[in-house]
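Residue-level listing of the chains:
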Amino acid sequence: MADSESIAASSQMDNQDDPLNEYSSEEIDGMVKELLTGNEVIENETLMFVKYLKRVDPNVTGAPFAVPVPSQSSHDTRVMRKRSRSKGSGVDKHLKLTAEQKCDIAQREIEELREDIAKLKEDSEKKMDSFKAIIEEADLRFSELKKSSYEFERDIVKGSVNTRINRVIAEKVTRYFEDKQRARDTLIEKLRLKNSTLKVQKKKLHLQLKQKEEMGEVLHEVDFQQLKIENSQYLEKIDERNQDLLRLKLMSGNTQQVLNSYKKKLQTLTLESDRLHSEITSRNDLLGKIDTETETVEAERAKAEEVNRKLRQQLDDFRVPEVVEYVQEKADLYEMNKTVKSWERKVEIAEMALRANRKTWQQLKAASHQQQQQLWNMEPIKMS
């Protein structure tokens, strides 16, 4: 009971001493908004001051004015509020910066930000230039690959095919890659010589710069501005030369395409000419054969005409025999055929007799030979 009375008495005293009781809710809301805005400004200033301290003294790791706030009950907070008011004003007088110090810190931070922005801009430009160079190199490489692919298809895939076996000739493929390798070696040698020349020029420039530094001829800002102007002029000239080079490359590409089309037409016409030449040769051979056959046929025709003339002469000289004479001739022909048949029969009979006589002769000859052999065999017996 006593505790509740003491709490009520203390709350009544706080309500009487609280200055916020004099303001309305709208005014309190406005004051809270102003305090929040002021807190944001103070927080930004604190962050800027912390960055400044970190840059001046890198050993600083955090906010030097961060004060831990212990957890207290609402009653203790109200009791300690009055005590902290009198102490807070004295502490703020020693910790707050003056307006000149704040402006100096802000100016330095702005300069640092500008330097950082300039560095970032320079790094970004370098990266952009590097990326542009990479893109240009990639485009150039792509165009070279496209050109190489077109030349390979034109010279090897289509131009080196043997029409008889319908296959690519290996010697042309080998010669093509050898030419490409030789051209690549030549380009590498040129780039190596150019690189060595640039290294020599760089060494000379370093020596000249070192001599100027030793002689006291230090370059000033005006010289750097002049060099920047000359550099920009040279860059403009380089851009113009690059544009001219690009235009010439385009013209060279168009010329190469026209040349390739004419080469393709020339190859087609050459093949057509070879075909026509072979066809003309075969036609000439056929014409020679036809001429020879024509001469032979003319000779045969002349012979046939001579035979035909003789036959016609015989036909003109032919005389039809009389009927009696014709009958007599037929009768004579019949008798002659009959006589021939009789003689053929007699010849057959004579041949049969000849064969029989030959057979008898062979038998007699064999018997005579056998008798002579027996006589020869008997003579040695008589002598013994």
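Residues numbered from 1 in each chain as written. Predicted model: local features only at pLDDT ≥ 70, side-chain atom pairs only at ≥ 80, totals over all residues. Heavy atoms only, no water.

Undergrad: Quick one: what's the story with the overall build of the protein, residue by residue and with numbers?
TA: Helices and strands together make up the secondary structure of the protein, namely seven helices and two strands. Ordered by position from the N terminus, the helices and strands of the protein form the series α-α-α-α-β-β-α-α-α. Buried positions account for 3% of the 384 residues belonging to the protein. Excluding contacts between residues fewer than 6 apart, the proportion of contacts in the protein whose partners are at least 24 apart in sequence is 53%. About 35,300 Å² of surface is accessible on the protein, with carbon and sulfur atoms providing 58% of the total. (Helix = DSSP H or I, 4+ residues; strand = E, 2+ residues; numbered from the N terminus. Buried < 20%, exposed > 50% of the residue type's maximum accessible area, 1.4 Å probe, protein only. Contact = heavy atoms within 4.5 Å. Areas by Shrake-Rupley, 256 points an atom, 1.4 Å probe, with all protein chains shown as cover.)

Undergrad: So what's going on with a negative patch on the surface? Residues and values would help.
TA: The grouping of Glu322, Glu325, Glu329, Asp332 and Glu335 at the surface amounts to a negative patch. Looking at the secondary structure, you find glutamate 335 in helix α7 (residues 323-383). (Patch = residues over 30% accessible without salt bridge, like charges linked within 9 Å, V, L, I, M, F, W, Y side chains within 5 Å. Salt bridge = Lys/Arg side-chain N within 4 Å of Asp/Glu carboxyl O. Lys, Arg positive; Asp, Glu negative; His and termini not counted. Charge placed at Lys NZ, Arg CZ, Asp CG, Glu CD.)

Undergrad: I'd love a proper account of the packing of helix α2 (residues 25-56) against helix α4 (residues 99-158), names of residues and values included.
TA: Viewed as axis vectors pointing N to C, α2 and α4 meet at an angle of 70°, and their least axial separation amounts to 10 Å. By the angle between their axes, α2 is roughly perpendicular relative to α4. Considering the relative orientation of α2 and α4, their crossing is left-handed. Of the residues in α4, those touching α2 at Glu45, Met48, Phe49, Lys51, Tyr52 and Arg55 are Lys102, Ile105, Ala106, Arg108, Glu109 and Glu112. Classifying every residue of the contact of α2 with α4 by side-chain character gives five nonpolar, no polar and seven charged. (Axes fitted to C-alpha atoms, helices over the stretch in contact; angles between N-to-C directions. Parallel < 35°, antiparallel > 145°, perpendicular 65-115°, else oblique. Left-handed = near helix turned anticlockwise from the far one by under 90°. Nonpolar A, V, L, I, M, F, W, Y, C, P; charged D, E, K, R; others polar.)

Undergrad: Give a detailed account of a nonpolar patch on the surface, specifying residues and quantitative values.
TA: Residues Phe131, Ile134 and Ile135 make up a contiguous nonpolar surface patch of roughly 310 Å² in combined accessible area. Relative to the assigned elements, phenylalanine 131 resides in helix α4. Given a relative accessible area of 51%, phenylalanine 131 falls into the exposed group.

Undergrad: Describe α4, listing the residues and the values that go with them.
TA: For α4, built from 60 residues, the straight-helix expectation of 88 Å at 1.5 Å per residue is met to within 8% by its first-to-last C-alpha distance of 84 Å. Its maximal kink placed at phenylalanine 152, α4 deviates by approximately 30°. For α4, the set of buried residues is Ile105, Glu109, Glu151, Arg154 and Ile156. (Expected span 1.5 Å × (residues − 1). Bend = angle between axes of the 7 residues up to and from the residue.)

Undergrad: Outline α2, supporting the account with residue identities and numerical values.
TA: Across its 32 residues, α2 extends 46 Å between first and last C-alpha, which sits within 8% of the 46 Å expected from 1.5 Å per residue. In this structure, the buried side of α2 is in contact with α4.

Undergrad: Account for the pattern of salt bridges, with residues named and values stated.
TA: Overall, the coordinates contain 14 salt bridges when judged by the stated rule. Where lysine 126 meets glutamate 122, a salt bridge forms, and the shortest distance between an N and an O atom there is 3.8 Å. Highlighted residues: lysine 126 and glutamate 122, both in helix α4, separated by four residues, approximately one helical turn. Residue glutamate 189 pairs with arginine 192 through a salt bridge whose shortest N-O separation is 2.3 Å. In this pair, glutamate 189 and arginine 192 both sit in helix α5 (residues 170-215), three residues apart, roughly one turn of the helix.

Undergrad: I'd like a rundown of the packing of aromatic side chains, residues and numbers included.
TA: Given two aromatic rings, one states the distance between the centres and the angle between the planes to describe the pair. Counted according to the given criterion, the structure contains one aromatic pair. Their ring planes at 50° and their centres at 5.9 Å tell us that phenylalanine 152 and phenylalanine 177 sit as a pair that is tilted. Residue phenylalanine 152 is found in helix α4, and its partner phenylalanine 177 is found in helix α5; the two are separated by 25 residues along the sequence. Of note, lysine 346 hangs over the ring of tryptophan 343, and the distance from its end group to the ring centre comes to 4.7 Å. (Phe/Tyr/Trp six-rings, centres within 6.5 Å; stacked < 30°, edge-to-face > 60°. Lys NZ or Arg CZ within 6 Å of the ring centre and 35° of its normal.)

Undergrad: I'd like a description of the confidence of the model for the protein, backed by residues and values.
TA: Averaged over every residue, the pLDDT of the protein is 78; residues scoring 70 or more account for 80%. Mean pLDDT across the elements of the protein ranges from a minimum in helix α3 (residues 74-95), with 45, to a maximum in helix α6 (residues 221-317), with 87. Considering only residues more than four positions removed or in separate chains, one finds that residues 62-94, a stretch of pLDDT under 50, has 10 contacts. (pLDDT = per-residue confidence, 0-100.)

Undergrad: Which residues make up the side chain of glutamate 151, and what values go with them?
TA: Note on placement: glutamate 151 falls in helix α4. Given the relative accessible area of 14%, glutamate 151 is considered buried. The contacts of glutamate 151, once residues within four sequence positions are left out, are Ile156, Tyr176 and Lys180.

Undergrad: Describe the side chain of arginine 154, and please don't skip the residues or the numbers.
TA: Checked against the element boundaries, arginine 154 lands in helix α4. A residue is classified by how much of its surface remains accessible, and arginine 154, at 17% relative accessible area, is buried. Residue contacts for arginine 154: discarding those within four places in its chain leaves Gly159, Gln256 and Asn260.

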